[in-house]
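Okay, here's what each chain looks like letter by letter:
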Amino acid sequence: MGIDPKYWTEAQATGGGRNGLAKLADGKLTVTMTSPKELGGSGAGHNPEELFALGYAACYLGAMRYVAGLEKLGAVPDAATVDAHVAIGGRSEGGFGLKVKLVVTMPGVERGVAERIAERGHFICPYSHATKGNIEVETVVA
């Protein structure tokens, strides 16, 4: 599978990784990272799972808007939302893994159409491509 990159970004982590700083190379965002209390940290800052949830929610909503227009499935309303729930935990094989639940709401859109848009959104979304076959992703149309 070849990719023709149209955009690159760069970030750097310093300190202890999960307990340090993460920042964009352009200086527009710096985040204090701390492990969540559930993983033995203070929970005072942010963690990679939170950032992944933010990115996946935004990307997937954009992908659904794009594919709905491309495939003439109807308009995704401005009030549409994606809530991304991201979990981390130990894997039976060892190490850690992620699990994602995406909750999609499209007020005023007939359920079957909303489900089709949500389904086709995964075809477009690069986060969905990156996670496919790697982590469990559940999509719920509310």
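Above this text is the structure in question.
Computed from a predicted model, the values in this text were never measured in an experiment.

Trainee: Sorry if this is basic, but what is going on with the sheet that holds strand β6 (residues 136-141) here?
Mentor: To summarise the sheet geometry, strands pair through backbone hydrogen bonds and adopt either a parallel or an antiparallel arrangement. Taken in spatial order, the 3 strands make up an open sheet running β4-β5-β6, and their pairing is mixed. Single-partner strands in this sheet number two, and they are β4 (81-90) and β6. Ignoring which end each strand starts from, the neighbouring axes of this sheet average 15° apart. When β4 meets strand β5 (residues 96-105), the two strands line up antiparallel, connected through 10 bridges. From the neighbouring strand, Gly90 faces β5, where its bridge partner is Phe96. Those strands touched by helix α1 (residues 48-70) are β4, β5 and β6, and its axis lies near 145° from that of β4. Contacting β5 and β6, helix α2 (residues 111-124) crosses the sheet at an angle of about 155° to β6.

Trainee: Even after reading the chapter, I still don't get the side chain of Thr131, so can you show me in this structure?
Mentor: With respect to the element layout, Thr131 can be found in helix α3 (residues 126-131). Residues contacting Thr131, with those up to four places away along its chain left out, are Phe52, Tyr56 and Val137.

Trainee: How do you make sense of the nonpolar core when you look at a structure like this?
Mentor: One broad trend across soluble globular proteins is that nonpolar side chains are buried collectively. Grouped together as the largest cluster of nonpolar side chains are 21 residues, with contacts concentrated most on Tyr60, Met64, Val76, Val82, Leu102, Val104 and Met106. The set of elements that each furnish at least two residues to this core consists of α1, β4, β5 and α2. Here this core takes 8 residues from α1, the largest share from any one element. Apart from the residues within four sequence positions on either side, Tyr60 is in contact with Val82, Leu102, Val104, Ala118, Glu119, Gly121, His122, Cys125, Ser128 and Thr139.

Trainee: Please explain the pattern of salt bridges as it appears in this structure.
Mentor: Opposite charge on two side chains lets them pair, provided their charged atoms get close. Summed over the entire model, instances satisfying the criterion amount to 7 salt bridges. Across the pair Asp4 and Lys6 runs a salt bridge, and its minimum N-O distance is 2.6 Å. Judged on exposure class, the residue Asp4 and its partner Lys6 are both exposed. Salt-bridge contacts for Glu49 lead to Arg18; the nearest nitrogen and oxygen are separated by 2.5 Å.

Trainee: For this particular structure, what's the right way to read the sheet that holds strand β1 (residues 11-15)?
Mentor: If you walk across this open sheet you meet the 3 strands as β1-β2-β3, and the pairing is antiparallel. Across the chains shown, the open sheet's two edge strands, defined by having one partner strand only, are β1 and β3 (30-33). Put simply, the sheet's adjacent strands are angled 20° from each other on average, direction ignored. Of the pairings in the sheet, the one linking strand β2 (residues 20-24) to β3 comprises 4 bridges and is antiparallel in character.

Cut-offs and rules
Residues numbered from 1 in each chain as written. Predicted model: local features only at pLDDT ≥ 70, side-chain atom pairs only at ≥ 80, totals over all residues. Heavy atoms only, no water. Pairing = 2+ DSSP bridges. Helix = DSSP H or I, 4+ residues; strand = E, 2+ residues; numbered from the N terminus. Axes fitted to C-alpha atoms, helices over the stretch in contact; angles between N-to-C directions. Contact = heavy atoms within 4.5 Å. Core = buried A, V, L, I, M, F, W, Y, C linked by side-chain atoms within 4.5 Å. Buried < 20%, exposed > 50% of the residue type's maximum accessible area, 1.4 Å probe, protein only. Salt bridge = Lys/Arg side-chain N within 4 Å of Asp/Glu carboxyl O.

Honestly, that's just the spatial picture; any functional story needs more than this.
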